[in-house]
Amino acid sequence: MSRIGRMPIAVPAGVTVEIKENNEVTVKGPKGTLTRVLVPEMEIKQEDGQIIVSRPNDLKRMKSLHGLTRTLIHNMIVGVTEGYTKVLEVNGVGYRAAKDGKKLNLTLGYSHPVEMTDPEGIETKVEGNNKIIVTGIDKEKVGQYAAEIREKRKPEPYKGKGIKYADEVIRRKVGKTGKK
């Protein structure tokens, strides 16, 4: 039995969960509404303030989807109650980030400024010149947008310049040594 899959999901007060046909799950909470169509083979039941996910058989595919289905529903509930946040840091001389309405302007040592528009449901804030905070209710979208921002200038191992996650550790390398 899947350790994660068999755990019940507690539904906090102020959150409503609707399970429609073909396992279309809609979660409404104080921060917004999320809808996702999950695997139709999984059986999702709502009983006295809890959601229980069960699988039809013990095939390898069903075992792997059991925990995934439960985690996706749990992430939706956490998203509409607390939301998700990713913090990025911009390191390097002359590297900076600025916010202009829904546009994120990045100066990353290229010959041109990099402009990124916030996707639907995602909000970015800039603290100082070098801290970007990406927030939203969908964990997948927050992580994807943060990864897209990081992709514009990945951190390099010699000087540590670039955009990195706040909790990321960059393994530094020793540079060249001159020969005599």
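Heads up: the structure comes first, above all this text.
Residues numbered from 1 in each chain as written. Predicted model: local features only at pLDDT ≥ 70, side-chain atom pairs only at ≥ 80, totals over all residues. Heavy atoms only, no water.

Student: Explain the overall build of the protein chain to me, using residue names and the numbers behind them.
Tutor: The number of helices and strands found in the protein chain is two helices and 13 strands. The dimensions of the protein chain, computed from C-alpha atoms along their principal axes, are 70 × 45 × 25 Å. Buried residues in the protein chain amount to 36% of all 180 residues. Across the protein chain, the fraction of contacts at a sequence separation of at least 24, relative to all contacts at a separation of at least 6, is 50%. For the protein chain, the exposed surface amounts to about 11,300 Å²; the carbon and sulfur share of it is 49%. Put simply, the protein chain has 34 plus and 23 minus side-chain charges, and the middle of one group is 11 Å from the middle of the other. (Helix = DSSP H or I, 4+ residues; strand = E, 2+ residues; numbered from the N terminus. Buried < 20%, exposed > 50% of the residue type's maximum accessible area, 1.4 Å probe, protein only. Contact = heavy atoms within 4.5 Å. Areas by Shrake-Rupley, 256 points an atom, 1.4 Å probe, with all protein chains shown as cover. Lys, Arg positive; Asp, Glu negative; His and termini not counted. Charge placed at Lys NZ, Arg CZ, Asp CG, Glu CD.)

Student: Go over the sheet that holds strand β9 (residues 103-107) with me, naming the residues and quoting the values.
Tutor: On the basis of which strands lie adjacent, the open sheet formed by three strands has the order β8-β9-β10 and antiparallel pairing. Edge positions in the sheet fall to β8 (96-100) and β10 (114-117), since each of these pairs with one other strand and no more. In this sheet, adjacent strand axes meet at a mean angle of 20° when their direction is disregarded. Direction of pairing for β9 relative to β10: antiparallel, over a ladder of four bridges. If you follow K103 over to β10, its bridge partner there is T117. Each of β9 and β10 is contacted by helix α2 (residues 139-151), which is oriented at about 170° to β10, the strand it contacts most. (Pairing = 2+ DSSP bridges. Axes fitted to C-alpha atoms, helices over the stretch in contact; angles between N-to-C directions.)

Student: I'd like a description of the pattern of salt bridges, backed by residues and values.
Tutor: Applying the stated criterion across every chain, the model contains nine salt bridges. One salt bridge connects K28 with E18, and the closest N-O pair in it is separated by 3.8 Å. Placement of the pair is K28 in strand β3 (residues 24-29) and E18 in strand β2 (residues 16-20), with a sequence separation of 10 residues. Since its relative accessible area comes to 37%, E18 is described here as partly exposed. A salt bridge links K99 to D118; the nearest nitrogen and oxygen atoms lie 2.6 Å apart. Remark: D118 occurs in the loop between β10 and β11 (122-127) and K99 occurs in strand β8; sequence separation between them is 19 residues. For K99, a relative accessible area of 30% translates into the label partly exposed. (Salt bridge = Lys/Arg side-chain N within 4 Å of Asp/Glu carboxyl O.)

In short, shape yes, function no, at least from these values alone.
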